[in-house]
Every structure is written in C-alpha cells, then in structure tokens.
Amino acid sequence: METRLKRYMEYYRKVAAGEEAIEGDPEAFRREMLVQIGFFQHERLIHLIVTVLFALLAVISILVNVMVQEMAVLALCLMFFVLLIPYIRHYYILENGVQKLYEYYDVIEKAAEGAETK
C-alpha cells in the first residue's frame, strides 16, 4: 500500500505543479482522484483501529507484567511492541500521504475553477 500511495502522490504532485497534463475529461480526473483518496482514507481508518488495538494490548500486557511478573507475559509484551512499531510507522505514512493528497486535490480543483472562469 505504501508503494501505491507514493506512486499516486508523485503523479498528483506533477499534475498539481503543472508538470503533467490531465488526459481526458478534467471532471472525470477529479472524480477518480476522489475515489483514490477514499480508498486511502479507508486504509488509514483500518490501520488506525489496528494500531490503537495493539497499543491497548501493549499497555494491558505491561500492567499484567507488573502484577504477575512472568517471563511469558514479558515475552507477550515485547511481541506487542515489536508489532506496534511497524503499525505506527505505516499509519504515519498513510496519514501524511492522505493529507498531502488533500492538498494536491485542492490545488487541482482551484486550477480547474480558474480555467473554467476564463
């Protein structure tokens, strides 16, 4: 998903900067862009839920480890943190990517409105 997001971000950056022209109907292009943004928003929501779940499980395992002090609970706690770090990284990339896509959409939309008024 990260590769796909980066590919779309680069393409939309070029379109927003005027380095690449929109092929076909500009309105269809903007609708397709909104569809792609929607896909990334959905992915972001799912990863937010998973990240929060793993963060809660990590905190709970720490609390259990303080009370029980068993090696198995400590191992479980470490496993949660090992999984939590990549989830946080992936969510960070999705969040920032979607925010950047919003900016590109706004630039493209303003350029289209300016072209329509001329």
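Cut-off values and rules
Residues numbered from 1 in each chain as written. Predicted model: local features only at pLDDT ≥ 70, side-chain atom pairs only at ≥ 80, totals over all residues. Heavy atoms only, no water. Helix = DSSP H or I, 4+ residues; strand = E, 2+ residues; numbered from the N terminus. Rg over C-alpha atoms; globule rule 2.2 N^0.38 Å. Buried < 20%, exposed > 50% of the residue type's maximum accessible area, 1.4 Å probe, protein only. Contact = heavy atoms within 4.5 Å. Areas by Shrake-Rupley, 256 points an atom, 1.4 Å probe, with all protein chains shown as cover. Lys, Arg positive; Asp, Glu negative; His and termini not counted. Charge placed at Lys NZ, Arg CZ, Asp CG, Glu CD. Phe/Tyr/Trp six-rings, centres within 6.5 Å; stacked < 30°, edge-to-face > 60°. Polar contact = N/O pair within 3.5 Å; in protein donor to acceptor, adjacent residues only side chain to side chain. Patch = residues over 30% accessible without salt bridge, like charges linked within 9 Å, V, L, I, M, F, W, Y side chains within 5 Å. Salt bridge = Lys/Arg side-chain N within 4 Å of Asp/Glu carboxyl O. Core = buried A, V, L, I, M, F, W, Y, C linked by side-chain atoms within 4.5 Å.

Student: I tried to follow the overall build of the protein chain on my own but got confused; where do I start?
Tutor: When helices and strands are tallied, the protein chain shows three helices and zero strands. Put simply, the protein chain runs from its N terminus to its C terminus through helices and strands in the order α-α-α. On C-alpha atoms alone, the protein chain measures out to a radius of gyration of 21 Å, which is more than a quarter above the 13 Å that the 2.2 N^0.38 rule sets for 118 residues. Based on the C-alpha atoms only, the size of the protein chain along its principal axes is roughly 70 × 20 × 15 Å. Going through the 118 residues of the protein chain one by one, you find that 29% of them count as buried. When contacts within the protein chain are restricted to residue pairs at least 6 apart in sequence, those whose partners lie at least 24 apart make up 76%. Accessible surface computed for the protein chain: about 7900 Å², of which carbon and sulfur atoms make up 66%. Taking the average location of the 12 positive side-chain charges in the protein chain and that of its 16 negative ones, the two points are 3 Å from each other.

Student: Even after reading the chapter, I still don't get the environment of D106, so can you show me in this structure?
Tutor: Within the fold, D106 resides in helix α3 (residues 71–117). A relative accessible area of 45% places D106 in the partly exposed class.

Student: Would you mind going over the packing of aromatic side chains with me for this structure?
Tutor: For any pair of aromatic rings, geometry is given as the distance between the ring centres together with the angle between the planes. Per the counting criterion, the structure on display carries seven aromatic pairs. Ring geometry for F54 and F80: centres 6.0 Å apart, planes at 75°, overall edge-to-face. One end of the pair, F54, is in helix α2 (residues 26–68); the other, F80, is in helix α3, and 26 residues separate them in sequence. For the pair F54 and F80, one class covers both residues: buried. Centroid distance F54 to Y87: 5.0 Å. Interplanar angle 45°. Geometry classified as tilted. Residue F54 is located in helix α2, and its partner Y87 is located in helix α3; the two are separated by 33 residues in the primary sequence. For F54, a relative accessible area of 15% puts it in the buried group.

Student: Help me understand the environment of R4, please; the structure alone is not making it clear to me.
Tutor: Among the structural elements, R4 can be located in helix α1 (residues 2–17). According to the relative accessible area criterion, R4 is partly exposed, its value standing at 27%. For R4 and F40, which are 36 residues apart along the polypeptide, the C-alpha to C-alpha distance reads 9.7 Å. In this view, R4 contacts Q36, F39 and F40; residues no more than four positions away in its chain are not counted. Looking at R4, its side chain comes within polar contact range of the side chain of Q36, at 2.7 Å.

Student: Is there a simple way to think about a nonpolar patch on the surface in this case?
Tutor: There is a patch of nonpolar side chains on the surface, built from L45, I46, L48, I49, V52, L56, V59, I60, L63, V64, M67 and V68 and spanning about 1100 Å² of accessible area. Here V52 shows up in helix α2.

Student: In this structure, what is going on with the nonpolar core? I would like to understand it.
Tutor: One broad rule of soluble globular proteins: the nonpolar side chains tend to lie buried together. L5, Y12, F29, M33, F40 and L101 are the most contacted members of the largest nonpolar core, which has 15 residues in total. Sorting elements by how many residues they give to this core places α3 first, with seven residues. Not counting residues within four places of it along the chain, the set of residues in contact with M33 comprises Y12, L101, Y104, Y105 and I108.

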